[in-house]
Every structure is written in C-alpha cells, then in structure tokens.
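One-letter residues, chain by chain:
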Amino acid sequence: MGEPNETTRPGRGLAIASLAVGASGLTLAVSTWAAWLLVRPVLLTAWMFSWLAQAFVLVLGALWFALLPISVLALVFGVCAGARTRPGPGRIGATLAVITALLALSGAAVFATTSWSPVAYFDTRTGPGR
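Residues numbered from 1 in each chain as written. Predicted model: local features only at pLDDT ≥ 70, side-chain atom pairs only at ≥ 80, totals over all residues. Heavy atoms only, no water.

(A) How the structure looks around the overall build of the chain. A tally of helices and strands in the chain yields 3 helices and 0 strands. The linear arrangement of helices and strands in the chain, starting from the amino end, is α-α-α. In the chain, which comprises 130 residues, the proportion classed as buried is 29%. Long-range pairs, those at least 24 residues apart, make up 81% of the contacts in the chain with a sequence separation of at least 6. With the model as given, the accessible surface of the chain reaches about 8300 Å², and the carbon-plus-sulfur share is 74%. (Helix = DSSP H or I, 4+ residues; strand = E, 2+ residues; numbered from the N terminus. Buried < 20%, exposed > 50% of the residue type's maximum accessible area, 1.4 Å probe, protein only. Contact = heavy atoms within 4.5 Å. Areas by Shrake-Rupley, 256 points an atom, 1.4 Å probe, with all protein chains shown as cover.)

(B) Focus on the environment of Ala 20. Following the sequence through the fold, Ala 20 ends up in helix α1 (residues 12–45). Since its relative accessible area comes to 44%, Ala 20 is described here as partly exposed. Remark: the alpha-carbon pair of Ala 20 and Leu 96, spanning 76 residues in sequence, is separated by 9.6 Å.

(C) Here's a closer look at the side chain of Thr 32. Summarising the element assignment, Thr 32 is placed in helix α1. Look at Thr 32 and you get buried, because its relative accessible area is 2%. With residues near it in sequence (within four places) discarded, Thr 32 still touches Leu 60, Leu 63 and Trp 64.

(D) Geometry of the packing of aromatic side chains. Per the counting criterion, the structure on display carries 3 aromatic pairs. Grouped by ring-pair contacts, the aromatic residues Trp 33, Trp 36 and Trp 64 constitute a single cluster. (Phe/Tyr/Trp six-rings, centres within 6.5 Å; stacked < 30°, edge-to-face > 60°.)

(E) Representation of helix α3 (residues 89–114). Its 26 residues give α3 an end-to-end C-alpha distance of 37 Å, which sits within 8% of 38 Å, the value for a rise of 1.5 Å per residue. Those residues of α3 that sit buried are Pro 89, Gly 90, Gly 93, Ala 94, Leu 96, Ala 97, Thr 100, Ala 104, Gly 107, Ala 108 and Phe 111. (Expected span 1.5 Å × (residues − 1).)

(F) A look at the confidence of the model for the chain. Averaged over the chain, the pLDDT score is 79; the fraction of residues at 70 or greater is 72%. For the chain, the element scoring lowest by mean pLDDT is α1, at 84; α3 scores highest, at 89. (pLDDT = per-residue confidence, 0-100.)

(G) Representation of the environment of Gly 78 in the model. Within the secondary structure layout, Gly 78 lies in helix α2 (residues 50–80). Separated by 59 residues in the primary sequence, Gly 78 and Leu 19 have C-alpha atoms spaced 7.7 Å apart. Apart from residues lying up to four places away in sequence, Gly 78 is in contact with Ser 18, Ala 83, Gly 90 and Ala 94.

(H) A nonpolar patch on the surface, seen in detail. Together, Leu 75, Val 79, Val 98 and Leu 102 line one region of the surface with nonpolar side chains, adding up to about 310 Å² of accessible area. Mapped onto the nonpolar patch, the elements with two or more residues apiece are α2 and α3. Along the chain, the position of Leu 75 falls in helix α2. (Patch = residues over 30% accessible without salt bridge, like charges linked within 9 Å, V, L, I, M, F, W, Y side chains within 5 Å. Salt bridge = Lys/Arg side-chain N within 4 Å of Asp/Glu carboxyl O.)

(I) Structural context of the nonpolar core. One finds Ala 29, Trp 33, Trp 36, Val 57, Leu 60, Trp 64, Leu 67, Ala 104, Ala 108 and Phe 111 forming the largest nonpolar core, which totals 10 residues. Of all the secondary-structure elements, those providing two or more residues to this core are α1, α2 and α3. Residues contacting Phe 111, with those up to four places away along its chain left out, are Trp 36, Val 57, Leu 58, Gly 61, Trp 64 and Phe 65. (Core = buried A, V, L, I, M, F, W, Y, C linked by side-chain atoms within 4.5 Å.)

This is the structure:
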C-alpha cells in the first residue's frame, strides 16, 4: 500500500460536485432575485393578471426556500472535499454555497414579510351584477 499522490486524492469528485451545485444554485438565486425585482412591481399594478401575479410570487417564494437545501448540499460537499484545508474547486464551491444561502435566506425573508398583502383581489359583494 503506497501513499496516495496528489492526482488521486480522495474528494476530487466531491469538490467538483460542490462547485457545480454551488454555481448552479448561485445562478438560480441571482435570477430569482432579478425576476422578483423586475417583474413583481409590474404584476402588482396589473389588475387583469391577479391570478398570474399570485402564482408568480408563490413560485419565487418556493424557489428561495428550495435553494436553502441546495446550498447546504454544496457546502457539505465542499467541506468533505477539504475546502478548509486546501484551495481548489471544493473551496470555491463552498464559497458559492455560502453566497447562495445568504441570497436564499434574504429572499425567503423578503417573501415572508412582503407577500402578506394580497396580490389577487376578489369581489365579495353580493347583489346585482355590475
């Protein structure tokens, strides 16, 4: 049994997986924020698309909550690949995972605090039609 050399060190696959999951999670987090900031104010003023606006807001909120376990997975992969001890794809993936987690947590907080105002309004009046 010989000593493992640098080319076959264990954790290389985990480091690449951490980098891939971290990068894709960060891309999804940034695009979710962009969609929230660009489209939501327009949908709030568009009365004829109230159901569409409500569905859009709920999907974005679900994406932010779904990004939390994705970022944890990328972070675990990076740490298991040795992100604390040596630089490389594992450390980059773990860093991207932390940034993704921060974006997802802030997005989930914004969703939870600003989505309480109804986006879809319903006419509950009874009586003759308009």
